Amino acid sequence: MPSDNTSAPTSPSTATPATGYRALLRNREFTGLYVSLTLTVAASTLSGFALGTLVDERTGSPLLTAVSMYGATFATVLGALTLMSVADGRRPRRTLVTLQCVSLAGVAAQAVPGLPLAARFGLLLVLGFFQSLGAGARMGLLAEVVPASTYVLARSLMNITSGGTAVLGFTVGAVLLRHLSPHEVFAVAAVLTGLGLVAVTTTVREHSTRRPADPGRPAPRPGLRRTWTTNVELFSHPGRRALLLNLWVPNGLIVGCEALFLSYDPAHAGVLLAAGSAGMLLGDLTVGRLLTADRRRRCAFALRLLLAAPYLLFAASPPTPVAAVAVFVAGAGFAATLPLQEQLLALTPDPVRGQVQGVESAGRMTWQGIGAALAGGVALYLGPGPTITALAALSVTVTVLSRPFVARAR
């Protein structure tokens, strides 16, 4: 297990910058965070697909199916509003390990046969709460273990791998569910979560993320008061508000579109979900690896439009191959998060980087849950296809109307 060393953390501003993905992966701590995230995404994808299938079989409700796949995201806002300041606490590695243990217990509980649906939804909310704190702790550690100049590259690699893992997860999940019960798939997800826990504990050392403006004064203790104080400061800045709006709302509405794939085309939902994840992988690879920071900023608006516009084709009820291509192209638009996250980091003081990144992640996940619930509710009246079209049009509208505010944030 790595040594507990908080006296001399590596400073992102002074560390030697990496020049590519291979250089990043030579950083043992980054590799541990990267592998842990990958395994966590794989587990989340499998468990979400298994739960969505289980709920769809038992209820046939588009609303409950959508909420079951993305319902954990609702609880992430609770983490952002209450205890997200733990991401900038004295021992973020210990915090992350503890939260990983809680996630492991929650995923393992889903594997219990005969568990009532109400209990499964309760587990979703508990897991969502702790996952939001874990995301903040992980991103806070990421900003510690890589140079600031390679932060976007590191996030890009993580996003690319998350997209690729989701592709495999949805594909493998669809195959596994032909031979295994949903409860057995939950067990596989629990094993992956446990391996992610091992990756963190064996590679990442402890860091002190306390960087008070006055080194002679101790940093405030993590807790509800500190979380609220930082959040008030975060949302009082108009530039950060505009960036958070664009990181949350358009993405959440499009995730709502994806949440209807099981209801729209049950036989090919795995294909559509995999196509979206593959497009996300390509977009993050192109934007994060091949474009300069200036070109990323210039492309951000076009990428946000690309995220939603292809879904307008669902108004014509396209055949599965056409729908898959549209979803693949739209998936590339998720790469707009990279330049927006880069700008948000530049506007964030060092002592609260973990919390701000955690709030950003929690808000994005919460809006994904809102989008899924909104999509499921509207689909009860309009049907899946028209609802997908309506959410895409709303996403485009938000992107266009908020463009001037994002431009000022630069």
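Residues numbered from 1 in each chain as written. Predicted model: local features only at pLDDT ≥ 70, side-chain atom pairs only at ≥ 80, totals over all residues. Heavy atoms only, no water.

K.L.:
A description of the overall build of the protein should follow, citing residues and the corresponding values.
P.N.:
When its secondary structure is counted, the protein shows 18 helices and zero strands. In the protein, buried positions account for 57% of the 410 residues. Once local pairs closer than 6 in sequence are excluded, the contacts in the protein between residues at least 24 apart make up 87%. Taken as a whole, the protein presents about 16500 Å² of accessible surface, with 67% of it coming from carbon and sulfur. (Helix = DSSP H or I, 4+ residues; strand = E, 2+ residues; numbered from the N terminus. Buried < 20%, exposed > 50% of the residue type's maximum accessible area, 1.4 Å probe, protein only. Contact = heavy atoms within 4.5 Å. Areas by Shrake-Rupley, 256 points an atom, 1.4 Å probe, with all protein chains shown as cover.)

K.L.:
Hey, could you go over the side chain of Glu 360 for me, with residue numbers and the actual values?
P.N.:
Mapped onto the elements, Glu 360 comes out in helix H16 (residues 353–382). Overall, Glu 360 belongs to the buried group, its relative accessible area being 2%. Only 2.6 Å separates the side chain of Glu 360 from the side chain of Arg 364, close enough to count as a polar contact. Not counting residues within four places of it along the chain, the set of residues in contact with Glu 360 comprises Arg 155, Leu 244, Leu 247, Trp 248, Gln 341 and Leu 344. (Polar contact = N/O pair within 3.5 Å; in protein donor to acceptor, adjacent residues only side chain to side chain.)

K.L.:
Before we move on, could you go through unusual backbone geometry and cite the residues and values that matter?
P.N.:
The backbone of Ser 317 sits at a positive phi, close to 50 degrees, despite the residue not being glycine. Assignment of secondary structure puts Ser 317 in the loop between helix H13 (293–308) and helix H14 (320–331).

K.L.:
Can you break down the nonpolar core residue by residue, with the values?
P.N.:
It is characteristic of soluble globular proteins that their nonpolar side chains tend to be buried jointly. If you look at the biggest cluster of nonpolar residues, it comprises 42 residues, and the most contacted ones within it are Ile 254, Phe 261, Tyr 311, Phe 314, Val 327 and Ile 388. With 10 residues, helix H10 (residues 238–259) is the largest single contributor of residues to this core. In contact with Val 327, other than residues within four places in its own chain, are Phe 261, Leu 272, Ala 275, Gly 276, Tyr 311 and Phe 314. Listed in part, the 24 residues of the second largest apolar core include Tyr 34, Met 139, Val 145 and Ile 160. (Core = buried A, V, L, I, M, F, W, Y, C linked by side-chain atoms within 4.5 Å.)

K.L.:
Would you mind going over the environment of Leu 33 in detail, with residue names and values included?
P.N.:
Relative to the helices and strands, Leu 33 is located in helix H2 (residues 28–59). For Leu 33, a relative accessible area of 0% gives the class buried. Sequence-wise, Leu 33 and Leu 142 are 109 residues apart; in three dimensions their C-alpha atoms are separated by 7.5 Å. Ignoring sequence-local partners within four residues, the contact set of Leu 33 consists of Leu 96, Arg 138, Leu 141, Leu 142, Val 145, Met 158 and Val 204.

K.L.:
Residue-level account of a nonpolar patch on the surface, with values.
P.N.:
A surface patch of nonpolar side chains, amounting to about 310 Å² of accessible area, comprises Leu 282, Val 325, Phe 328 and Val 329. With three residues, the top contributor of residues to the nonpolar patch is H14. (Patch = residues over 30% accessible without salt bridge, like charges linked within 9 Å, V, L, I, M, F, W, Y side chains within 5 Å. Salt bridge = Lys/Arg side-chain N within 4 Å of Asp/Glu carboxyl O.)

K.L.:
Describe in detail the packing of helix H12 (residues 269–290) against H14, supporting the description with residues and values.
P.N.:
Packing of H12 against H14 leaves a shortest axis separation of 6 Å and a crossing angle of 30 degrees. By the angle class used here, H12 and H14 are roughly parallel. The hand of the H12/H14 crossing is right-handed. Along the contact surface, H12 presents Val 271, Leu 272, Ala 275, Gly 276, Ala 278, Gly 279, Met 280 and Leu 282, while H14 presents Thr 320, Ala 323, Ala 324, Val 327, Phe 328 and Gly 331. Residue composition of the contact of H12 with H14, grouped by class: 10 nonpolar, four polar and no charged. (Axes fitted to C-alpha atoms, helices over the stretch in contact; angles between N-to-C directions. Parallel < 35°, antiparallel > 145°, perpendicular 65-115°, else oblique. Left-handed = near helix turned anticlockwise from the far one by under 90°. Nonpolar A, V, L, I, M, F, W, Y, C, P; charged D, E, K, R; others polar.)

K.L.:
Outline helix H5 (residues 92–110), supporting the account with residue identities and numerical values.
P.N.:
With 19 residues, H5 extends 27 Å between its outermost C-alpha atoms, agreeing within 8% with the 27 Å of an ideal straight helix rising 1.5 Å per residue. Looking at the buried positions of H5, the neighbouring elements they touch are H2, helix H6 (117–145) and helix H8 (182–203). (Expected span 1.5 Å × (residues − 1).)

K.L.:
Report on the pattern of salt bridges, specifying residues and quantitative values.
P.N.:
Per the counting criterion, the structure on display carries five salt bridges. Arg 364 is the partner of Glu 360 in a salt bridge, and the nearest nitrogen-oxygen pair spans 2.6 Å. Taken together, the residues Glu 360 and Arg 364, both in helix H16 and four residues apart, mark about one turn of the helix. We classify Arg 364 as buried; its relative accessible area is 16%.

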